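Listed here are the chains, written in short residue letters.
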Amino acid sequence: MSAASGLVWRDGEAADLVVRGARALDPRTGVDDTLDLVVRNGEIIELAEPGAATELEGAETIEAEGLLALPAFVDPHVHFRVPGQEHKEDLETGTRAAAAGGYCAVVAMANTEPAIDSAAVLGSVRERAEREASIPVGFVATVTKDMGGEELTEMAEMADAGAVGFSDDGLPISNGRVLRRALQYQRLAGRVIALHEEDPDLSGDGVMHEGDVSAVLGLAGIPAASESTAIARDCALALYEGARIHVQHLSARASVEEIRRAKEAGVEVTCEATPHHLTLTDEEVRSLDSRFKMNPPLRTEDDRQALIEALRDGTIDCVATDHAPHAPEDKEVPFEQAAMGVTGLEKAFSVLHTDLVLPGILDLELLVERMTAGGIPFGIEPPRLEAGAAANIALVDPEAEWVVGADGYESRSHNSCFVGRTLTGRVQMTVAGGRVAFRQRSFAMGVA
Ligand SMILES: [Zn+2]
Ligand SMILES: [Zn+2]
């Protein structure tokens with residue numbers, strides 16, 4: 001990963017490491033073997049038979065028997081709240097949370113205060129990331145000025161200034177004429193447009209999925225068609241303009257079917273799904289606990305099954321957390337009034353490992369592929385475990401049990417929908433961009 005990819009983070013010491021005896025697993029290179037991994041000056045220089053690795057003077061030795069060495073994860077969708085809402089998260093706490101979750105790169109959304117809608121605001125957040133971010137961060141800029149949905153931003157100028165893509169996430173681009181012009185610019189600027197798909201008129205005042213549970217609770221619902229009809233329109237526009245789009249946080253079977261059709265029709269479209277939509281349903285909302293309030297909302301078991309199937313067959317390209325930190329005062333209010341959104345970075349892998357891999361629903365290898373593919377729509381190369389590659393490695397103890405929230409969080413915000421859950425599998429150490437970005441406090445190590 002280089003500055004050319006638009007990623008920025010702070011300077012640090014390049015890692016010299018010998019990771020001994022881990023199960024190295026990389027779906028892209030086909031590696032799946034017990035190996036020693038040698039990292040010199042932040043670069044993987046060797047994958048060797050156990051005990052056969054080159055001695056590296058002064059390097060830290062990590063005894064990693066029983067651990068997985070994975071290419072670290074890439075999240076295409078996080079909210080770091082900078083500028084303007086640093087009481088919820090900032091670049092230091094956000095990237096620390098990401099590193100704790102095994103991520104080596106993230107793409108930060110632009111619905112900040114002010115929105116990242118000019119080269120000046122973009123330049124200032126990139127400068128802050130150069131001082132504060134412990135892992136590489138790519139920033140998208142907004143499609144429309146102040147996310148007003150009407151006037152386009154200077155997309156070409158912001159692409160030159162380092163935007164990795166464009167998104168008004170938080171809000172849809174409802175006006176088809178505006179999106180159409182944005183797609184025409186997308187072809188020129190070359191960076192992807194990531195879309196939060198929703199028809200605000202269909203969503204109305206909805207606070208949860210519209211279905212049996214919302215009817216019982218008497219809460220206003222957001223129908224699945226609010227998402228799927230917006231996806232259908234935008235895929236048709238992308239095809240017509242020959243543009244490239246990335247659809248964010250798919251939540252419904254109907255949406256999966258639209259994407260499947262669009263891909264078959266040759267639309268240049270990629271898409272993502274979140275750990276919460278892949279593991280939870282609207283049944284959780286019966287508790288009226290605002291930790292289960294997010295947009296798009298948790299939907300039905302049938303929708304969840306469709307998402308899993310789509311993740312498996314590649315209709316869904318990658319996993320995104322949509323990490324959305326909120327202050328307690330925004331969440332500790334009645335369900336109808338609570339802010340939408342949940343944190344996600346620190347336990348995304350553990351949740352999906354526990355709920356989908358261990359029960360045999362998803363192969364570990366496939367999960368790793370989908371969790372490392374998030375940068376591809378934004379031109380960020382997926383990390384690889386091979387000689388010559390920058391060291392981007394997540395060391396995971398697949399048997400470690402832990403309780404979400406029991407040791408606190410790295411994130412400044414605590415609005416996790418998995419708090420109190422016992423999960424199996426935990427990131428022990430993360431190397432991002434060639435530097436050690438995180439290690440569990442309990443994780444043993446030694447220096448040769
Ligand atoms: Zn969104
Ligand atoms: Zn979002």
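Below is a summary of the structure that appears in this document. Per-chain numbering applies: the sequence of each chain, read as written, is numbered from 1 onward. Following the order in which they are written, the chains are lettered starting with A and the ligands numbered starting with 1. In keeping with the model being predicted, local features are shown solely for residues with a pLDDT of at least 70 and side-chain atom pairs are shown and tallied solely at 80 or more, while totals for entire chains, interfaces and linings include all residues. Note that water and hydrogens are dropped before the side-chain values are worked out from all heavy atoms of the structure.

## Comments concerning the sheet that holds strand β6 (residues 73-78)
Two modes of strand pairing occur in sheets, parallel and antiparallel, and in both the strands are linked by backbone hydrogen bonds. Here we have eight strands laid out as an open sheet, ordered β6-β7-β8-β9-β10-β13-β14-β15, and parallel in their pairing. Of all strands in the sheet, those bounded by a partner on one side alone are β6 and β15 (318-319). For strand β8 (residues 137-141) and strand β9 (residues 165-167), the ladder comprises two bridges, and the chain directions are parallel. The residue of β9 that forms the bridge with valine 140 is glycine 165. In short, DSSP must find at least two bridges between two strands for them to pair. Strands here are runs of E lasting at least two residues and helices are runs of H or I lasting at least four, both read from the DSSP assignment and numbered beginning at the N terminus.

## Examining the coordination of the zinc ion (ligand 2)
Coordinating donors are taken to be N, O and S atoms lying within 2.8 Å of the metal, or within 3.2 Å when the metal is Na, K or Ca; because water is excluded from the atom set, some sites may appear incomplete. Surrounding the zinc ion (ligand 2) are the protein donor atoms His77 (NE2), His79 (NE2), Asp169 (OD) and Asp322 (OD), at 2.1 to 2.2 Å. Metal sites are grouped by the angles between bound donors: all angles between 85 and 135 degrees with four donors is tetrahedral, opposite donors over 155 degrees apart with the others between 65 and 115 is square planar for four donors and octahedral for six, and any other pattern is irregular. Around the zinc ion (ligand 2), the four donor atoms are arranged such that angles at the metal cover 83 to 165°; this shape is classified as irregular. The sequence motif formed by the donor residues of the zinc ion (ligand 2) is H-x1-H-x89-D-x152-D. For the pair the zinc ion (ligand 2) and the zinc ion (ligand 1), the metal-to-metal distance amounts to 3.6 Å, and aspartate 169 bridges them. In this pair, aspartate 169 sits in the loop between β9 and α4 (176-189) while aspartate 322 sits in the loop between β15 and α11 (328-331), placing the two residues 153 residues apart along the sequence. We classify aspartate 169 as buried; its relative accessible area is 4%. Aspartate 322 sits in the buried class, given a relative accessible area of 10%. Each residue's exposure class comes from its accessible area (1.4 Å probe, protein chains only) as a fraction of the maximum for that residue type: buried when under 20%, exposed when over 50%, partly exposed otherwise.

## Description of the nonpolar core
Think of a nonpolar core as a cluster: buried Ala, Val, Leu, Ile, Met, Phe, Trp, Tyr and Cys residues, connected wherever their side-chain atoms sit within 4.5 Å. Grouped together as the largest cluster of nonpolar side chains are 95 residues, with contacts concentrated most on Tyr103, Val106, Phe139, Phe166, Leu250, Ile316 and Met371. Tallying contributions element by element places strand β7 (residues 103-108) first for this core, with six residues. Look past the residues within four positions of phenylalanine 139 in its chain and what remains in contact with it is Val8, Leu91, Ala108, Ile116, Leu122, Val125, Arg126, Ala129, Gly162, Ala163, Val164 and Gly165. In terms of nonpolar packing, the next biggest core, distinct from the first, is built from 21 residues, Ala15, Val19, Val31 and Val39 among them. By definition, residues are in contact when any of their heavy atoms lie within 4.5 Å.

## Details of the pairing of strand β2 (residues 31-40)
Pairing between strand β1 (residues 17-26) and β2: eight bridges, direction antiparallel. In the sheet register, arginine 23 faces β2, and the bridge partner there is threonine 34. The turn linking β1 back onto β2 is made up of four residues, and glycine 30 within it adopts a positive phi angle of 80°. Summarising the sheet, β2 and strand β3 (residues 43-48) pair through five bridges and their orientation is antiparallel. For arginine 40, the partnering residue across the bridge sits in β3 and is glutamate 43. Counted between consecutive antiparallel strands, the loop separating β2 from β3 contains two residues, among which asparagine 41 sits at a positive phi close to 50°.

## Examining the packing of aromatic side chains
In summary, the pairing rule links any two rings of Phe, Tyr or Trp, Trp by its six-membered ring, whose centres are within 6.5 Å, and it sorts them by plane angle into stacked for under 30 degrees, edge-to-face for over 60 and tilted for everything else. The tally for this structure, following the rule as stated, stands at two aromatic pairs. Taken together, a centroid distance of 5.7 Å and an interplanar angle of 75° make the contact between phenylalanine 73 and tyrosine 103 edge-to-face. Linking phenylalanine 73 in strand β6 with tyrosine 103 in strand β7, this pair joins segments that are 30 residues apart in sequence. Centre to centre, the rings of phenylalanine 73 and phenylalanine 349 are 5.4 Å apart; their planes meet at 15°, and the pair counts as stacked.

## Observations regarding empty space enclosed by the protein
Summary: where empty space remains is shown by rolling a probe the size of a single water molecule over the atoms. Residues are said to line a cavity or pocket when one of their atoms sits within 4 Å of a point; the points come from a 1 Å grid over protein atoms alone, cavities being sets where a 1.4 Å probe fits but cannot get out and pockets being open sets with protein on both sides within 12 Å along at least five of seven lines. Grid points are joined across faces, edges and corners, and a volume is the space filled by probe spheres set on the points. With the rule as written, the count across this model stands at four cavities of 30 Å³ or more. Each pocket or cavity is described by its volume, and for the largest cavity that value is around 50 Å³. Lining the largest cavity we find His196, Glu197, Glu198, Ser203, Ile222, Ser226, Glu227, His249, Asn295, Pro296, Pro297 and Arg299. In this count, Pro and Cys sit with the nonpolar residues alongside Ala, Val, Leu, Ile, Met, Phe, Trp and Tyr, while Asp, Glu, Lys and Arg are called charged and the others, Gly among them, polar. When grouped by side-chain class, the residues that make up the lining of the largest cavity number three nonpolar, five polar and four charged.

## Quick word on the layout of surface pockets
In this structure, the largest pocket encloses a volume near 470 Å³. For the lining of the largest pocket, the residue count by class is nine nonpolar, 13 polar and five charged. Considered as a void within the structure, the second largest pocket measures approximately 330 Å³ in volume. Taken together, 18 residues make up the lining of the second largest pocket; nearest its centre are Glu410, Arg426, Phe438, Gln440 and Arg441.

## Some thoughts on the coordination of the zinc ion (ligand 1)
On the protein side, the zinc ion (ligand 1) has Asp169 (OD), His196 (ND1) and His249 (NE2) as donor atoms, found 2.0 to 2.2 Å from it. Donor residues binding the zinc ion (ligand 1) come from one chain and are separated in sequence as D-x26-H-x52-H. Histidine 249 gets classed as buried once you look at its relative accessible area, which sits at 1%.

## Here's the deal with unusual backbone geometry
Cis peptide bonds are those with omega within 30 degrees of zero, and the linkage from valine 82 to proline 83 qualifies with 5°. Tracing the chain through its elements places proline 83 in the loop between β6 and α1 (91-100). Proline 296 follows asparagine 295 through a cis peptide bond whose omega is 0°. The topology assignment puts proline 296 in the loop between α9 (275-279) and α10 (301-313). For histidine 249, which is not glycine, the phi dihedral falls at a positive 30°. Within the secondary structure, histidine 249 is located in the loop between β13 (244-247) and α8 (253-264).

## Section: the packing of helix α12 (residues 348-357) against helix α13 (residues 364-372)
Between N-to-C directions, angles cover 0 to 180 degrees, with each direction set by a line fitted to C-alpha atoms, over the stretch in contact for helices. Following both chains from N to C, one finds α12 and α13 inclined at 150°, their axes separated by 11 Å at the closest point. When the interaxial angle is binned, α12 and α13 end up roughly antiparallel. For the pair α12 and α13, the crossing hand works out as right-handed. Residues Ala348, Phe349, Leu352, His353 and Val357 of α12 touch α13, and the partners they reach there are Leu364, Leu367 and Met371. The cut-offs work like this: below 35 degrees is roughly parallel, past 145 is roughly antiparallel, 65 to 115 is roughly perpendicular, and the gaps in between are oblique. Handedness of a crossing follows from how the near helix is turned relative to the far one, being left-handed for an anticlockwise turn of less than a right angle and right-handed for a clockwise one.

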